[in-house]
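Spelled out from the first residue to the last, the chains are:
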Amino acid sequence: MENFTHAVERKAMAFVIDKLINNVSQTDDYEKRAEVYEEIADIALKFYGDEAKETLESIKTYVRNPENKWMRLINHVIDEANPEYAKKMLLNLGYESFFKGTKTIRENREKYHCNIPWLILFDPTSACNMHCVGCWSGTYGHKSSLSFEDMDKIVTEGKALGAHLYMLTGGEPMVRKNDVLRLCEKHDDCFFAAYTNSTLIDEDLCKKVQKLGNLTFMLSIEGTPDTNDARRGAGHYGSVMKAMDLLKEYGIVFGTSVCYTRANIEAVTSDDFFRMLTDKGAYFGFYFHFMPVGNNAVPELMPTPDQRMYMIRRIREIRSEENPIPFFPMDFQNDGEYVGGCIAGGRNYFHINSNGDAEPCVFIHFSDTNIHTHSILEMLKSPLFMAYHEGQPFNRNHLRPCPMLENPELLRRIVKETNAHQTNEESPEEVDHLCDKCTDYAEAWKPYAEEEWNREEHKKPSYENYTEEKRLHPELAAFEHPVS
Ligand code: SF4
């Protein structure tokens, strides 16, 4: 019965989205577009009820503002994406994931008393056709892969809990192109994003992805041809440019993935870099702070406190309405304020590596549970994941969100108390070795983060998926800022 109701609801939503996209794409008059967006917000309000009233009312104020960066991003997608691709994306991301999925997730959090994620990351394979300097994926060993059945299990069980968004990491996920496409086809009501080095994106793949409509790509790029190829190898920059041209030609929405280090921070945040990306058709991207993970990691590549301060200001400046560059960057380490701090351990997401080990975060290579022996729900209830559930937020200063990078004593303690094992078979790294590399960094960053955080008042978000009351082990959290 539930499946039947869902099918009917999805069909009705598809009809509404079809009509709305057609109406929006037929006009470039901003006022008319804004009316359609308001209509979408009203439909969402009916679906969600009072629970989302505050958020949806504030969305209605953004849609009237053509300079708002979110609206610019949405308008670019409408104008440049293949219409059928855009409709499927909106249906799967908007309806299945944001509306229906979020509702199911909230119910399941209450029901199961553990974190239930909105997004699951997994590595189809640890194999990669490139060998970038400082990339840990090769250090997992080049032999492990999740079978199609493993990936199918992850998505089937994740979906039942409410997760409709999946990110494929690695290794290079497109080494498993055929299985990835088969997975997207089978789970037609989910949306997938592959973090890729771009080199395996060709015309044939674009044709298939355009037809599927539920797969996007996040292309890794590191600044100028020189800074990029120094880390990724000669000729890689050219491959990314070629992939961007193809994706743009086929109307497939795509973004970028950038790891910022002490060495490349200026190159990956220059006006020229952002302009190049938007000219090529990328309008959004994730920025990841370099993490000293792995025995061979070079801690000296971590940004200095001054560089991190620059990054906070620069990303916010690019996102401001005054900035004319139509790119929307998101900074995984510095945007904790908007998501209530650390999102790992299944609070919003977690990661399954190519051996099937469930890790709380893509950067935390420790595990106490595996997809080959446990269900997703059982994994979320493992001692390691429950320590995240009970410890979050690890710091009330969301500029210091991480139990590893900014609060290394917490990860040290969590891993030891839960007996989690390290997951890097090739070069096992002890938790003390990892956390020791973060101690000086955390100390140096603390005064900067405190000053920046205390510069303004921070409102407690209307919805946080943790509460003080449920906490069984408050000592796992480094509360330095009481909730206001
Ligand atoms: S564990 Fe650290 S890097 Fe991972 S989501 Fe949490 S804060 Fe971010």
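All of these numbers come straight from a predicted model, not from anything done at the bench.

## Regarding the site of the ligand
Taken together, the residues surrounding the ligand are M291, F332, Q333, C342, I343, A344, C361, F363, Y388, P401, C402 and P403. In the shell around the ligand, the residues fall into 11 nonpolar, one polar and no charged.

## Points about the packing of helix α15 (residues 408-418) against helix α16 (residues 431-453)
The N-to-C vectors of α15 and α16 enclose an angle of 165 degrees; their axes lie 8 Å apart at closest approach. Relative to α16, α15 is oriented roughly antiparallel. You can see that α15 and α16 cross each other, and the crossing is left-handed. Along the contact surface, α15 presents P408, L411, R412, V415 and K416, while α16 presents V431, D432, L434, C435, D436, C438, T439 and A442. For the contact of α15 with α16, a count of residues per class yields eight nonpolar, one polar and four charged.

## Thoughts on the sheet that holds strand β9 (residues 358-359)
Strands sit in the order β7-β6-β5-β4-β3-β2-β1-β8-β9 across an open sheet of nine strands; the sheet is mixed. With partners counted over all chains shown, the strands left at the sheet margins are β7 (328-331) and β9, one partner each. As paired strands, strand β2 (residues 165-168) and strand β3 (residues 191-196) are joined by four bridges and run parallel to one another. Bridging from a neighbouring strand, L165 pairs with F191 of β3.

## Quick look at the environment of F363
Secondary-structure assignment places F363 in the loop between β9 and β10 (366-367). Along the sequence, F363 and R72 sit 291 residues apart, while their C-alpha atoms lie 32 Å from each other.

## Describing a negative patch on the surface
Taken together, the side chains of D28, D29, E35 and E39 present a region of like negative charge at the surface. Among the structural elements, D29 can be located in the loop between α1 (2-25) and α2 (30-48).

## Considerations on the domain arrangement of the chain
Each assigned domain of the chain is listed with its residue range as follows: domain 1 (2-101) and domain 2 (114-484). Put simply, the middle of domain 1 and the middle of domain 2, counted by C-alpha atoms, are 26 Å apart. If you look at the interface, domain 1 gives 24 residues, while domain 2 gives 34 residues. Summing both partners gives a buried area of about 2400 Å² for domain 1 against domain 2, and 58% of it is carried by carbon and sulfur. It is K69, Y85 and K88 in domain 1 that bury the most area against domain 2; as a group they hold 28% of the surface buried on that side. Our enumeration of links across domain 1 and domain 2 arrives at one salt bridge. For the salt bridge of K88 with D188, the shortest nitrogen-to-oxygen distance reads 2.8 Å. Put simply, the parts of the chain that give the side of domain 1 that touches domain 2 at least two residues each are α1, α4 (69-80) and α5 (83-112). Of the residues forming the side of domain 1 that touches domain 2, the biggest block, nine residues, is contributed by α5.

## Observations concerning the pairing of strand β6 (residues 284-289)
Where burial is concerned, most of β6 is hidden: six out of the six residues are buried. Both faces of β6 are covered, namely the face carrying F284, F286 and F288 and the face carrying G285, Y287 and H289. Of the strand pairs in this sheet, strand β5 (residues 254-260) and β6 are connected by five bridges, and their pairing is parallel. Bridge assignment links S257 to a residue of β6, and that residue is F286. As for the winding sense of the linkage, the β-α-β connection from β5 through helix α11 (residues 271-280) to β6 is right-handed. Bridge count between β6 and β7: four bridges; the pairing is parallel. The residue of β7 that forms the bridge with Y287 is D331.

Rules of the game
- Note that residues are indexed from 1 along each chain, following the sequence as it is written.
- Residues qualify for local features only when their pLDDT is at least 70, as the model is predicted, and side-chain atom pairs are given and counted only at 80 or more; totals for whole chains, interfaces and linings, by contrast, use all residues.
- To get the side-chain values, all heavy atoms of the structure are used, and hydrogens and water are removed first.
- One heavy atom within 4 Å of a molecule or strand makes the whole residue count as near it.
- Only Asp, Glu, Lys and Arg are considered charged, only Ala, Val, Leu, Ile, Met, Phe, Trp, Tyr, Cys and Pro nonpolar, and every remaining residue, Gly among them, polar.
- Axis definition: a line fit to C-alpha positions, over the contact stretch in the case of helices; interaxial angles, taken between N-to-C directions, run 0 to 180 degrees.
- By the criteria applied, helices consist of DSSP H or I runs no shorter than four residues and strands consist of E runs no shorter than two, each listed in order from the N terminus.
- Angle categories are assigned with fixed cut-offs, so that under 35 degrees is roughly parallel, over 145 is roughly antiparallel, 65 to 115 is roughly perpendicular, and the rest are oblique.
- Throughout, a crossing is termed right-handed when the near helix is turned clockwise from the far one, and left-handed when it is turned anticlockwise from it by less than a right angle.
- Contacts were defined at the residue level, with two residues in contact if any of their heavy atoms lie within 4.5 Å.
- For two strands to be treated as a pair, DSSP must find no fewer than two bridges joining them.
- Candidates for patches are residues over 30% relative accessible area with no salt bridge; among them, like charges are joined within 9 Å and nonpolar side chains (Val, Leu, Ile, Met, Phe, Trp, Tyr) within 5 Å.
- We get accessible surface area from the Shrake-Rupley algorithm with a probe of 1.4 Å; when it comes to residues, only the shown protein chains can shield them.
- Salt bridges are defined by distance alone: a side-chain nitrogen of Lys or Arg within 4 Å of a carboxyl oxygen of Asp or Glu.
- For this count, His and the chain ends are skipped, Lys and Arg are scored as positive, and Asp and Glu as negative.
- The atoms used to mark charge sites are NZ of Lys, CZ of Arg, CG of Asp and CD of Glu.
- Note that the domain bounds reflect an automated or database-derived domain assignment.
- The term buried area refers to how much accessible surface (probe radius 1.4 Å) is lost by two components on association, counted for both of them together.
- The rule is simple: take the accessible area with a 1.4 Å probe, protein chains only, and divide by the maximum for that residue type; under 20% is buried, over 50% is exposed, in between is partly exposed.
- Orient the strands so they point away from the viewer, and a crossover whose first-strand-to-second-strand path over the helix runs clockwise is right-handed.

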